[in-house]
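These are the residues of each chain, in order.
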Amino acid sequence: MTHAYFVTGTDTEIGKTTIAAGLLHAARLRGLSTAAAKPVASGCVASADGLRNDDALALLAQCSLPLRYEEVNPFAFAPAIAPHLAAREAGVRLDVASLLGPAKAILAKGADFALVEGAGGWRVPLAGAENLSDFAVALELPVILVVGVRLGCINHALLSAEAIARDGLSLAGWVANVVDPHTSRLEENLATLAERLPAPCLGRVPHLASASAAAVAEHLSLERLADW
């Protein structure tokens, strides 16, 4: 059975790609074939092969299917700014229609476990009045929410979960990524998240000195996914 999910986060810079790469690695350890897409990425670096994004490269490294970089990340922008602004500066129209084809092409490859990673949080703008959440809705995939555990994370997580449900998508699971190990009342915060979020927790990832995909995978459980 093919399992495919859209990965979003409670904010930017909360380890969304770190967790996604860990989930892909966990799937590979179970003998599943894997594929991933990060359709749009800003903050890319020029290389001999063109613009490259570290997050997209990390996902590509965990794909067992033979994929080209351009398939995983078709829209790459150099400035480390909001994607819709980077696209506007590059003269590119970034909308749901342009993102949908490349993402569906990845999903059509039929990997046992596939992830499509968004950018930033749930309501990241695209062109016009569209948001990245509209892209997720068009894909019709269940959602995995990465919660960056730090001060304020409960509010961010609950609002994100409410928006996902309001948009008609199911929350298949969430991951607690401890980005601030000095968060006051850490255990109490995690307990509140577990009580309030309407989906199973796939794992608690501590603040790791080296957050490799293999190290992160040790703290994750795919079997807890709501539709597994």
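Residues numbered from 1 in each chain as written. Predicted model: local features only at pLDDT ≥ 70, side-chain atom pairs only at ≥ 80, totals over all residues. Heavy atoms only, no water.

## Observations regarding the pattern of salt bridges
Summed over the entire model, instances satisfying the criterion amount to ten salt bridges. Of the charged contacts in the structure, one is a salt bridge between R68 and E70, with a shortest N-O distance of 3.8 Å. On the basis of relative accessibility, which here comes to 38%, the residue E70 falls in the partly exposed class. When salt bridges that share partners are traced, they join R52, R68, E70, E71 and K109 into one network. (Salt bridge = Lys/Arg side-chain N within 4 Å of Asp/Glu carboxyl O. Buried < 20%, exposed > 50% of the residue type's maximum accessible area, 1.4 Å probe, protein only.)

## Structural notes on the nonpolar core
For soluble globular proteins, the rule of thumb is that nonpolar side chains tend to be buried together. In this structure, F6, L23, F113, L115, F135 and V147 are the most contacted members of the largest nonpolar core, which totals 77 residues. When residues no more than four places from it in sequence are discounted, the contact partners of F135 are F6, P39, V96, L99, L100, A103 and V116. (Core = buried A, V, L, I, M, F, W, Y, C linked by side-chain atoms within 4.5 Å. Contact = heavy atoms within 4.5 Å.)

## Quick look at the UniProt feature "binding site: Mg(2+)" (unreviewed entry) in the protein chain
The positions that UniProt labels "binding site: Mg(2+)" (unreviewed entry) are, in the present scheme, T17, D55 and E117. The named residues occupy 101 residues along the chain; their greatest pairwise C-alpha distance, 9.7 Å, places them in one compact cluster. Looking at the element boundaries, T17 is found in helix α1 (residues 16–29). Residues within four places of E117 in sequence aside, it is in contact with V7, K16, T17, A20, A37, K38, P39 and L59. In this structure the side chain of E117 is engaged in a polar contact, spanning 2.6 Å, whose partner is the side chain of T17. (UniProt positions renumbered as here; feature names shortened; annotations may be inferred. Helix = DSSP H or I, 4+ residues; strand = E, 2+ residues; numbered from the N terminus. Polar contact = N/O pair within 3.5 Å; in protein donor to acceptor, adjacent residues only side chain to side chain.)

## Some points on the state of the cysteines
Across all of its chains, the model carries zero disulfides by this definition. The thiol of C201 is unpaired, and the distance to the nearest cysteine sulfur, on C153, comes to 12 Å. (Disulfide = S-S within 2.5 Å.)

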